[in-house]
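Residues per chain, in single letters:
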Amino acid sequence: MGIKKAKALLNELIEKAGGCAVMDGGFATQLEKHGACINDPLWSALCLIEDPHLVKMVHLEYLEAGADILVSSSYQATLPGFVSRGFSMEEAEAFLRKSVKLAIDARDKFWDANQGIEGHNYNRALVAASIGSYGAYLADGSEYSGSYGPGVTIDTLKDFHRRRLQVILEAGPDLLAFETIPNKQEAQAIVELLEDENVQIPSWICFSTADGEHASSGESFEECIQLLNKSDKVAAVGINCSPPQFILTLIEKFSKLTDKPITVYPNSGGTYDVTTKTWLPSKCIGDENFEISAVKWRDAGAKIIGGCCETTPVTIRSLSKVLKTDPKVTS
Ligand SMILES: C[S+](C)CC[C@H](N)C(=O)O
Ligand SMILES: N[C@@H](CCS)C(=O)O
Ligand SMILES: [Zn+2]
């Protein structure tokens, strides 16, 4: 199709959604609400092995809630991760493809079912394949610190992401969602890889932040965004899995740094405890405040809005309702 046409698909969806597309919420969170235990180095990717039906069901729940974009269950699905569990490389690759296929199947099933319903308000969703950071694979919470240590180079990161990216692309997602990227080095590795592999679908690259001013590593967003601006493979930039309190200021900051659409999907404001793999509800804002904030994020220029960890289909239903019915305030 070519990157230009593929980017047009994303822009069309944003237009159809009224100027701001709604993506889904915390995928792992909703798996846990259904009783899945993901206290495991594979985290939510464990469900690809143990309960793929649940994965599809959660995608359907987010579609029903009004998500225009689904993010696949591959955040912590990696080839070495599956191989370390005794699976062959072929089986590991099949799990990766399956994560994307489950989201595509859910999207197609939901869309087909809605064709028969007159006046439905849904858009045909796009499927974004989640590609979590190297830190997610390490399973030590380093997606929130960006501290990969001196032994990790750009080539280490490119080698980590390369085959995973190739396999995910084989499954035919509409978009790539590079999530919770904590430092400039990994952003650079991804941009180089997208060029090397001549990827023909749009990607977004979203950073985590701990202080609301810098990437989690402490590096400046000016430098990170400048390097993303140079790549036409990067269709959108933004922030995910970071406190919602920081988002408005960051949209204003990013708007001055880039012409690319801005994507925001914060978590609900808790703190992640890596030893127990649970969220401590320190500064959670709750669904009602999330909805109120989302309108401000949209009015400040965000083009894709959703939720990350500790948000659920309830959050996305209210986001979808408010963003698609309340007109943007223009001054
Ligand atoms: C987005 S974080 C909550 C995912 C889990 C983390 N990488 C871990 O393995 O503990
Ligand atoms: N997209 C992932 C989390 C990223 S922090 C998920 O929702 O499970
Ligand atoms: Zn998250």
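Keep in mind that what you see is a predicted model, and the values were worked out from it rather than measured.

Participant: Just give me the short version of the packing of helix α4 (residues 52-64) against helix α6 (residues 89-115), but keep the residues and values in it.
Facilitator: The contact between α4 and α6 brings their axes to 9 Å, and the two run at 45°. Overall, the two elements α4 and α6 adopt an arrangement that is oblique. Note on packing geometry: the crossing formed by α4 with α6 is right-handed. Of the residues in α6, those touching α4 at P52, V55, K56, H59, L60, L63 and E64 are K98, L102, A103, D105, A106, R107, K109 and F110. Residue classes in the contact of α4 with α6 are distributed as eight nonpolar, one polar and six charged.

Participant: Tell me about the site of ligand 1, and name the residues and values.
Facilitator: Taken together, W43, Y75, Q76, A136, A139, E143, Y144, Y272, V274, K277, W279 and C309 make up the full set of residues near ligand 1. The backbone of A136 places a nitrogen or oxygen atom 3.5 Å from a nitrogen atom of ligand 1. Within the side chain of K277, a nitrogen or oxygen atom sits 2.7 Å from an oxygen atom of ligand 1. When ligand 1 is considered free in solution it has 320 Å² of accessible area, and contact with the protein chains removes 99% of it. Counting atoms within 2 Å of the grid points, the majority share of ligand 1 lands in the largest cavity. Classifying every residue of the shell around ligand 1 by side-chain character gives nine nonpolar, one polar and two charged.

Participant: Any chance you could break down the site of ligand 2 for me, citing the residues and the numbers?
Facilitator: G26, F27, A28, W43, Y75, E179, T180, N240, C241, C308 and C309 make up every residue found near ligand 2. F27 places a main-chain nitrogen or oxygen 2.7 Å from an oxygen atom of ligand 2. A distance of 3.0 Å is found between an oxygen atom of ligand 2 and a backbone nitrogen or oxygen belonging to A28. For ligand 2, the protein covers 96% of the area, taking 280 Å² as the surface of the free molecule. Put simply, the parts of the chain that give the shell around ligand 2 at least two residues each are α2 (27-33) and β4 (175-181). Here the residues of the shell around ligand 2 are counted per class, giving seven nonpolar, three polar and one charged.

Participant: Can you tell me about the nonpolar core, naming the residues and giving the values?
Facilitator: Of all hydrophobic cores here, the largest spans 104 residues; its most connected members are I69, L176, W204 and F207. For this core, the leading source of residues is α6, giving nine residues. Those residues in contact with I69 that lie beyond four places of it in its chain are L10, L13, A21, V22, M23, D24, A125, L126, A128, L175, W204 and I304. Core analysis: the second largest hydrophobic core is formed by six residues, Y134, V152, L157 and F160 among them.

Basis of the calculations
- Residues numbered from 1 in each chain as written.
- Chains lettered and ligands numbered in written order.
- Predicted model: local features only at pLDDT ≥ 70, side-chain atom pairs only at ≥ 80, totals over all residues.
- Heavy atoms only, no water.
- Axes fitted to C-alpha atoms, helices over the stretch in contact; angles between N-to-C directions.
- Helix = DSSP H or I, 4+ residues; strand = E, 2+ residues; numbered from the N terminus.
- Parallel < 35°, antiparallel > 145°, perpendicular 65-115°, else oblique.
- Left-handed = near helix turned anticlockwise from the far one by under 90°.
- Contact = heavy atoms within 4.5 Å.
- Nonpolar A, V, L, I, M, F, W, Y, C, P; charged D, E, K, R; others polar.
- Near = heavy atom within 4 Å.
- Polar contact = N/O pair within 3.5 Å; in protein donor to acceptor, adjacent residues only side chain to side chain.
- Areas by Shrake-Rupley, 256 points an atom, 1.4 Å probe, with all protein chains shown as cover.
- 1 Å grid on protein atoms, 1.4 Å probe; cavity = no way out; pocket = protein on both sides within 12 Å on 5 of 7 lines; lining within 4 Å.
- Sits in = over half its atoms within 2 Å of the grid points.
- Core = buried A, V, L, I, M, F, W, Y, C linked by side-chain atoms within 4.5 Å.
- Buried < 20%, exposed > 50% of the residue type's maximum accessible area, 1.4 Å probe, protein only.

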